[in-house]
Amino acid sequence: MTAWRALMLAGLIGSVPVAAIAAELSPDSPQAKQEAERLDKMPDTTPHGGVHVDRSGRKERGRASFYASHFANRKMADGRRMNPNSNIAASKTLPLGSVAKVTNLANGKTTTVKIEDRGPYVDGRVVDLAPKVATQLDIGKQGVAPVEVKPITVPQPDGGVKLGAGAAAASPVEVRQATEVTKSLTEPKKTETADR
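To keep things clear, this report deals only with the structure shown in the data block. (Residues numbered from 1 in each chain as written. Predicted model: local features only at pLDDT ≥ 70, side-chain atom pairs only at ≥ 80, totals over all residues. Heavy atoms only, no water.)

Here we look at the overall build of the protein chain
(1) Moving on: The number of helices and strands found in the protein chain is six helices and seven strands.
(2) Moving on: Traced from its N-terminal end to its C-terminal end, the protein chain shows the element sequence α-α-α-β-β-β-β-β-α-β-β-α-α.
(3) Moving on: Counting every position in the protein chain, which comprises 196 residues, the buried fraction comes to 39%.
(4) Moving on: For the protein chain, the proportion of contacts with a sequence separation of at least 24, taken over those separated by at least 6, is 68%.
(5) Moving on: Total accessible area computed for the protein chain in this model is approximately 10800 Å², and 55% of it derives from carbon and sulfur atoms. (Helix = DSSP H or I, 4+ residues; strand = E, 2+ residues; numbered from the N terminus. Buried < 20%, exposed > 50% of the residue type's maximum accessible area, 1.4 Å probe, protein only. Contact = heavy atoms within 4.5 Å. Areas by Shrake-Rupley, 256 points an atom, 1.4 Å probe, with all protein chains shown as cover.)

Pasting the structure below:
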């Protein structure tokens, strides 16, 4: 029996998930863009409670806050140091390595962030922003603002990248850049042992 037939048979009888057999949708494929458009039409979610990772790519609505100055240079959930002058954010639900558009609903200002940390741990808040991002969205004075978070790219457990609701309105260049960022943030780290 050829390997291809064995794989198909295994998928049919359930020992290998059918999704693993199907070719991964390329983020720049028309089907991936259609899925992003479908996600964008779905109602917003509002996460409550603790951390629960959601790889669906659905948009979220809630409140945003920003990191206090004493968090500068502290280690984040992904192991990197928090740089207050970068476009980073923390999310309780988006997988680390996701790229998302955040829109301040009070003024319409939008910017793109990389999810590199966990939090905020306050009910109703969906994202913690680096001070640079808070300034771009003009929420520095209030400290908290209503926002919509639309993931453009979401890393998947198999190493693939799924387009989220934010990709529906993103240009092909934005999608390609977000995909590259997600892949670079989620690729396995090389270790000294692995290099030998």
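That covers the picture; the talk isn't over yet.
Brief notes about the pattern of salt bridges
(1) Moving on: Scanning the model with the defined rule gives ten salt bridges in all.
(2) Moving on: Here E35 makes a salt bridge to K162, at a shortest N to O gap of 3.9 Å. Taken together, the residues E35 in helix α3 (residues 30-41) and K162 in strand β7 (residues 161-163) connect sequence positions 127 residues apart.
(3) Moving on: Where D40 meets K59, a salt bridge forms, and the shortest distance between an N and an O atom there is 3.7 Å. Here D40, found in helix α3, pairs with K59, found in the loop between α3 and β1 (60-66); they are 19 residues apart in sequence, far enough to count as distant. Side by side, D40 and K59 carry an identical accessibility label, which is buried.
(4) Moving on: Within the structure, one salt-bridge network assembled from shared partners comprises D40, D44, K59, R61, E148 and K150. (Salt bridge = Lys/Arg side-chain N within 4 Å of Asp/Glu carboxyl O.)

Focus on the pairing of strand β4 (residues 110-117)
(1) Moving on: Pairing geometry for strand β2 (residues 88-90) and β4, over three bridges, is parallel. Residue pairing across strands places A90 opposite D117, the latter belonging to β4.
(2) Moving on: Count of turn residues in the strand β3 (residues 99-104)/β4 antiparallel hairpin: five residues, of which G108 carries a positive phi of about 80°. (Pairing = 2+ DSSP bridges.)

Quick look at unusual backbone geometry
(1) Moving on: G119 connects to P120 through a cis peptide bond whose omega is -10°.
(2) Moving on: When you line up the elements, P120 lands in the loop between β4 and β5 (125-129).
(3) Moving on: A positive phi angle is found at N73, which is not glycine, with a value near 70°.
(4) Moving on: Relative to the helices and strands, N73 resides in the loop between β1 and β2.
(5) Moving on: We note that D138 has phi near 60°; this positive angle belongs to a residue other than glycine.
(6) Moving on: Checked against the element boundaries, D138 lands in the loop between α4 (131-136) and β6 (144-155).

Regarding the side chain of D128
(1) Moving on: Looking at the element boundaries, D128 is found in strand β5.
(2) Moving on: One buried charged residue, D128, remains without a salt bridge, the closest side chain of opposite sign being R125 at 5.4 Å.
(3) Moving on: At 2.3 Å, the side chain of D128 and the side chain of S65 are in polar contact.
(4) Moving on: Once residues within four sequence positions are removed from consideration, D128 is found in contact with S65, F66, Y67, I88, A89, A90 and P120. (Lys, Arg positive; Asp, Glu negative; His and termini not counted. Polar contact = N/O pair within 3.5 Å; in protein donor to acceptor, adjacent residues only side chain to side chain.)

Quick notes on helix α5 (residues 172-186)
(1) Moving on: Its 15 residues place the ends of α5 21 Å apart at the C-alpha level, agreeing with the 21 Å of an ideal helix rising 1.5 Å per residue.
(2) Moving on: Of the residues making up α5, those classed as buried are V175, A178, T179, T182 and L185. Down the axis of α5, the smallest arc covering the buried residues is 135°, so these residues share one side. Facing away from the buried side of α5 by over 90 degrees, the exposed positions are P172 and E180.
(3) Moving on: Turning to α5, the residues buried within the fold contact β3, β4, β6 and β7. (Expected span 1.5 Å × (residues − 1). Arc of directions from axis to C-beta.)

Examining the nonpolar core
(1) Moving on: If you look at the biggest cluster of nonpolar residues, it comprises 23 residues, and the most contacted ones within it are V102, V113, V127, L129, I139, V147 and V149.
(2) Moving on: If you list the elements that add at least two residues to this core, you get β2, β3, β4, β5, α4 and β6.
(3) Moving on: Apart from residues no more than four positions distant in its own chain, V149 is found in contact with K59, E60, L94, A100, K101, V102, V126 and V127.
(4) Moving on: A36, V99, I152 and A170 belong to the second-largest nonpolar core, a separate cluster that totals ten residues. (Core = buried A, V, L, I, M, F, W, Y, C linked by side-chain atoms within 4.5 Å.)

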